[in-house]
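Residues per chain, in single letters:
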Amino acid sequence: MNTDAHWMILALEEARKGLGRTAPNPPVGAVVVKDGLLLGSGWHRAAGRPHAEREALSDAVEKHGWDAVGGATIYVTLEPCSTHGRTPPCTQGLIDARIARVVYACVDRNPDHAGRADAILTNQGIQVASGVCRDDAEKLLRPFFKVRDTGLPWVIWKTAMSLDGRLTRPPGEGRWLTGEAARADVQKLRATVDAIFTSGATVRRDNPALTIRTPELLEGRPQPWRVVFSDHPDSLPKDSALFTDEWRARTLIRPRHDFKTSLRALAKEQGILTAMTEAGGICSAALFEAGLIDEVVVYCAPLLCGGPTPALAGDGLKESLRLVETEFTRLGNDIRFSGVVAKR
């Protein structure tokens, strides 16, 4: 592994800390390095807060002073911004800090920024390199890029099922299919998204809370938006947790008959980049059929339940969908499978 890739991997680790926290901004990380030593690191913590470059510079200055930062290299996972928005441009911050070299992973697709950083920085005598760990950075930024390109959020279909594809156990056996390790992993997944989607039928049947329940995962961020898709909102139980708990202001009801319009509005109005579904088989199949699911995360329990509730129900799918970038992880006795839906 070359030196630039080593430091960029650390910057990517910083960026991952921002998943589920930065919308509508992208999760970005940065590290400051000089003479082979890590001086500082940082990540963008929320919209309106300093960008990753300024966080990393601030950390380096706090630990080593301004003189140490001069002549250093900064590694950042996305091209530094060059315009003044809610925060000042990072290109100017790098110039002011007397950074000698800037290495970034991928170009910003925002036309206000795209490609501008190179000229601004090189005109100030700063060396610029790009494309280091680009594929890994672009995977992390896929939701941000998708919203920018299509107006639609990145949607994860999350489900837990038995080996025979059922969502529920036989009557009297209890609620849970998976064990504690898998359920703890679901909390981590919830903490990486901006919203959780469900259906009116699921609200009526299960009374879900759809919250992050692990305190350390919730620190520094709000609960995800909880979105109920229903064309009959008056039929939803007014005493359900979604409408009565302390986070009821984070619950939205949106029309189900036109998912695409509803999702586009959520991206525009609530700034949602990434969402996950926790719904029954009929709603899930409809989202798949509408071409709105980008990623799949399935928790599979070593059970055969034979129940009436399949993971994908209703009319099902008109054609099989192939998954790529697949991964398998064992969580206790359960298996976590994930993959990205291949483009049709």
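Going by the structure above, here's the rest.
Let me sum up the structure you'll find in this document. Model, not experiment: these values are computed from the prediction. (Residues numbered from 1 in each chain as written. Predicted model: local features only at pLDDT ≥ 70, side-chain atom pairs only at ≥ 80, totals over all residues. Heavy atoms only, no water.)

Let's talk about the overall build of the chain
Moving on, step 1. In terms of helices and strands, the chain carries 13 helices and 13 strands.
Moving on, step 2. Taken over the C-alpha trace, the chain has a radius of gyration of 22 Å; the compact-globule value for 344 residues is 20 Å, and the two agree within 12%.
Moving on, step 3. On the principal axes, the C-alpha backbone points of the chain span a range of 70 × 40 × 40 Å.
Moving on, step 4. The buried share among the 344 residues of the chain stands at 51%.
Moving on, step 5. A fraction of 75% describes how many contacts in the chain between residues 6 or more apart in sequence connect residues 24 or more apart.
Moving on, step 6. Computed over 44 positive and 42 negative side-chain charges, the inter-centroid distance for the chain is 3 Å. (Helix = DSSP H or I, 4+ residues; strand = E, 2+ residues; numbered from the N terminus. Rg over C-alpha atoms; globule rule 2.2 N^0.38 Å. Buried < 20%, exposed > 50% of the residue type's maximum accessible area, 1.4 Å probe, protein only. Contact = heavy atoms within 4.5 Å. Lys, Arg positive; Asp, Glu negative; His and termini not counted. Charge placed at Lys NZ, Arg CZ, Asp CG, Glu CD.)

Observations regarding the packing of aromatic side chains
Moving on, step 1. Inspection of the entire model under this criterion finds 5 aromatic pairs.
Moving on, step 2. Residues F229 and F259 carry aromatic rings whose centres are separated by 5.1 Å and whose planes lie at 90° to one another, so their mutual orientation is edge-to-face. Highlighted residues: F229 in strand β8 (residues 225–229) and F259 in helix α12 (residues 259–269), separated in sequence by 30 residues.
Moving on, step 3. Looking at F229, the relative accessible area reads 1%, which means it is buried. (Phe/Tyr/Trp six-rings, centres within 6.5 Å; stacked < 30°, edge-to-face > 60°.)

Thoughts on the environment of T77
Moving on, step 1. Tracing the backbone through its elements, the reader meets T77 in strand β3 (residues 73–78).
Moving on, step 2. Along the primary structure T77 and E138 are separated by 61 residues, whereas in three dimensions their C-alpha atoms are 8.8 Å apart.
Moving on, step 3. Apart from the residues within four sequence positions on either side, T77 is in contact with M8, A11, L12, A15, P27, V28, G29, A105, C106, A137 and L141.

Let's talk about the pattern of salt bridges
Moving on, step 1. Within the structure shown, the criterion is met by 14 salt bridges.
Moving on, step 2. Between R45 and E55 there is a salt bridge, and its shortest N-O distance comes to 3.8 Å. With a gap of 10 residues between them, R45 in the loop between β2 (37–43) and α2 (52–64) and E55 in helix α2 connect regions that are remote in the sequence.
Moving on, step 3. A salt bridge links D206 to R205, with the nearest nitrogen and oxygen atoms 3.3 Å apart.
Moving on, step 4. Each of the salt bridges in this network shares a partner with another, and the network as a whole consists of K139, R142 and E325. (Salt bridge = Lys/Arg side-chain N within 4 Å of Asp/Glu carboxyl O.)

So far we have only geometry, and geometry alone does not tell us how the molecule works.
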